[in-house]
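# Inside the fold
Listed below are the residues making up each chain.
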Amino acid sequence: MKILVTGGAGFIGSNFVRLVESEKPDWQVVVIDKLTYAGRRENLENTRAQFVEGDICDPIIVAQAMEGCDMVFNFAAESHVDRSLMGDPNLAGAFVQTDVYGVYVLCEAAKRAQVQRFIQVSTDEVYGDVHDGYSVESDPLEPRSPYAASKAGGELIARSYGISHGLPVITTRGSNTFGPYQFPEKLIPLMATNAIDDGALPIYGDGLQRRDWIYALDHALGILIAGEKGNPGEAYNVGGGNERFNKDVVFDILRLLGKPDSLIRHVEDRAGHDRRYALNFDKIKALGYAPRFDFESALEATVRWYQERQDWWRPIRDGEDYRDYYNRQYSARLAGS
Ligand code: NAD
Ligand code: DAU
């Protein structure tokens, strides 16, 4: 089996490559990644994957990378909600370009290459805000941020290739993921790295938003199982079963690091902030998926990783790009808190 992993130098993609190499040692893995701010060659350290630097929107390089591949796992995306909300066409436009147009380019190439499976890695955010109960795969798509809308658009493009051209598309909708190699713009690594440096921890609004947390290797496992055992044309929720208030996750991180709660600052909320996501993932459980990691020990392992791997995150956080982003996103918020 030869697989193409797009976005494999990102957070979940690189964890997926590691999982595949341990679960399927005879599989050949090709990674294509543009190495945006979020993609890093070093995320693939200690893996055997063949690496192609390239954009999924480029049909020539995509066709070359896909040659001889049996399956495509599409992780490549602009993935951060806050960046999709910044009033900058270059930023918000990149979400539509990669998360929608990029999916079209991949589907066209996959159709020509006659791949056996095309796995579109999507998100629980496509369901929108979930006040009560749990999202099931047949629920309507009601995305509420430009990021979530671009992911829903990508899903629909892939679905249309399944219906119109018989491309064997399987979609996964994963919940909030955490673990090693996550870019320190997302809640858990941002809070952990700020706390290590005794910096302020900016919680949006009241911090009573809820997310269902899943460890990266469990999310990767769900995607692998969906790809191998799922039915073309179907979507599969991949949840962790760990619903937590944001505030409680931050308290847990502080406790693990032995830092005081006084580092917490409640800042201006995210625009259109979804209060809750929650997944019913019975459908993928029926394929044999069950999370292997419990939340508390996986969170501890993750926080320890950030304590130990300062060689990984300090160059990112000290870089001009990250400091610009951080100032734009947090300076006024923290000044007003
Ligand atoms: P990430 O931002 O860490 O990684 C994205 C990767 O895609 C990076 O390596 C980046 O360089 C690459 N990339 C971006 N644009 C590209 C392009 N045009 N061509 C080629 N490569 C490109 O994201 P992540 O958190 O690892 O998310 C991976 C996938 O999982 C995304 O599709 C995301 O929507 C989905 N997802 C993420 C989560 C989460 O909590 N992080 C949850 C559910 C679903
Ligand atoms: O639900 C799946 C999604 O989870 C994925 O599709 C996205 O790619 C991924 O980024 C993630 O989106 P969220 O917006 O939920 O993740 P984030 O880590 O940005 O925020 C998690 C929660 O924490 C959310 O309610 C916003 C809040 N938050 C986040 C940051 C960065 C804060 O309160 N303060 C912060 O500084």
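Residues numbered from 1 in each chain as written. Chains lettered and ligands numbered in written order. Predicted model: local features only at pLDDT ≥ 70, side-chain atom pairs only at ≥ 80, totals over all residues. Heavy atoms only, no water.

Here we come to the site of ligand 1. Every one of the 29 residues lining ligand 1 counts as a neighbour, but Ile12, Asp33, Ser79, Tyr147 and Lys151 are closest to it. In the environment of ligand 1, a nitrogen atom lies 3.0 Å from a nitrogen or oxygen atom belonging to the side chain of Thr98. Within the backbone of Thr177, a nitrogen or oxygen atom sits 2.9 Å from an oxygen atom of ligand 1. Those elements that place two or more of their residues in the shell around ligand 1 are helix H1 (11–23), strand E5 (117–123), helix H5 (146–165) and strand E7 (176–178). Considering each element in turn, the shell around ligand 1 owes the most residues, 3 residues, to E5. Grouping the constituent residues of the shell around ligand 1 by class yields 11 nonpolar, 14 polar and 4 charged. (Near = heavy atom within 4 Å. Polar contact = N/O pair within 3.5 Å; in protein donor to acceptor, adjacent residues only side chain to side chain. Helix = DSSP H or I, 4+ residues; strand = E, 2+ residues; numbered from the N terminus. Nonpolar A, V, L, I, M, F, W, Y, C, P; charged D, E, K, R; others polar.)

In the region of ligand 2, 25 residues are neighbours, and Asp124, Tyr147, Asn176, Arg270 and Tyr330 sit closest. Glu125 is positioned with one of its side-chain polar atoms (N or O) 2.8 Å from an oxygen atom of ligand 2. Note that an oxygen atom of ligand 2 is positioned 2.6 Å from one of the side-chain N or O atoms of Asn176. Expressed as a share of its isolated accessible area of 680 Å², the protein-covered part of ligand 2 is 94%. Counting residues per element, the ones that place at least two in the shell around ligand 2 are helix H3 (81–84), helix H6 (187–196) and strand E8 (201–204). (Areas by Shrake-Rupley, 256 points an atom, 1.4 Å probe, with all protein chains shown as cover.)

Sheet strands pair via backbone hydrogen bonds, and the direction of the pair is either parallel or antiparallel. Read across the open sheet, the 7 strands follow the order E3-E2-E1-E4-E5-E6-E10; overall the sheet is parallel. Strand pairing shows two members of the sheet lacking a second neighbour, strand E3 (50–53) and strand E10 (235–238), which therefore form its edges. Going from strand to strand, the sheet's axes swing by 20° on average, the running direction of each strand aside. Examined bridge by bridge, strand E1 (residues 2–6) and strand E2 (residues 28–33) share 5 bridges and lie parallel to one another. The residue of E2 that forms the bridge with Ile3 is Val29. Most of the contacts of H5 go to E5, to which it runs at about 160°, and overall it touches E5 and strand E6 (169–174). (Pairing = 2+ DSSP bridges. Axes fitted to C-alpha atoms, helices over the stretch in contact; angles between N-to-C directions. Contact = heavy atoms within 4.5 Å.)

So, on to the sheet that holds E7. If you trace the 3 strands from one edge of the open sheet to the other, you get E7-E9-E11, paired in mixed fashion. A strand with exactly one partner marks an edge of an open sheet, and here the two such strands are E7 and strand E11 (243–245). Strand after strand, the sheet turns through a mean of 50° between neighbouring axes, direction not considered. Where E7 meets strand E9 (residues 210–215), 3 bridges bridge the pair, whose relative direction is parallel. Paired with Asn176 across the bridge in E9 is Trp213. Contacts from helix H7 (residues 216–229) reach E7 and E9, with the element oriented near 80° to E9. Its contacts with the sheet place helix H8 (residues 246–257) against E9 and E11, and it is angled at close to 85° to E11.

A word on helix H12 (residues 320–335). With 16 residues, H12 should cover 22 Å at 1.5 Å per step; its first-to-last C-alpha distance of 21 Å lies within 8% of that length. Along H12, the sharpest change in direction is near 40° and occurs at Asn327. For H12, every residue scored as buried is listed here: Tyr322, Tyr325, Tyr326, Gln329, Tyr330, Arg333 and Leu334. The inward-facing, buried residues of H12 contact H3, H6, E8, strand E12 (264–267) and helix H11 (310–318). (Expected span 1.5 Å × (residues − 1). Bend = angle between axes of the 7 residues up to and from the residue. Buried < 20%, exposed > 50% of the residue type's maximum accessible area, 1.4 Å probe, protein only.)

What follows is about the environment of Val31. Relative to the helices and strands, Val31 is located in strand E2. Sequence spacing of Val31 and Val17 is 14 residues, and the spatial spacing of their C-alpha atoms is 8.6 Å. Excluding residues that lie within four positions of it along the chain, Val31 makes contacts with Val5, Gly8, Ala9, Val17, Leu44, Ala49, Gln50, Phe51 and Val52.

Counting along an α-helix, one turn takes 3.6 residues, and residues three or four places apart therefore face a common direction. Within helix H2 (residues 59–66) the residues assigned to the buried category are Ile61, Val62, Ala65 and Met66. Taken end-on, H2 shows its buried residues confined to a sector of 130°, consistent with a single buried face. Those residues of H2 that are exposed and aimed more than 90 degrees away from the buried face are Pro59, Ile60 and Gln64. Packed against the buried residues of H2 are E1, E2, E3, strand E4 (71–74) and helix H4 (89–113). Its side-chain oxygen placed 3.0 Å from the backbone nitrogen of Ile60, Asp58 serves as the N-cap of H2. In the stretch just after H2, Gly68 is the one whose phi turns positive, near 80°. (Arc of directions from axis to C-beta.)

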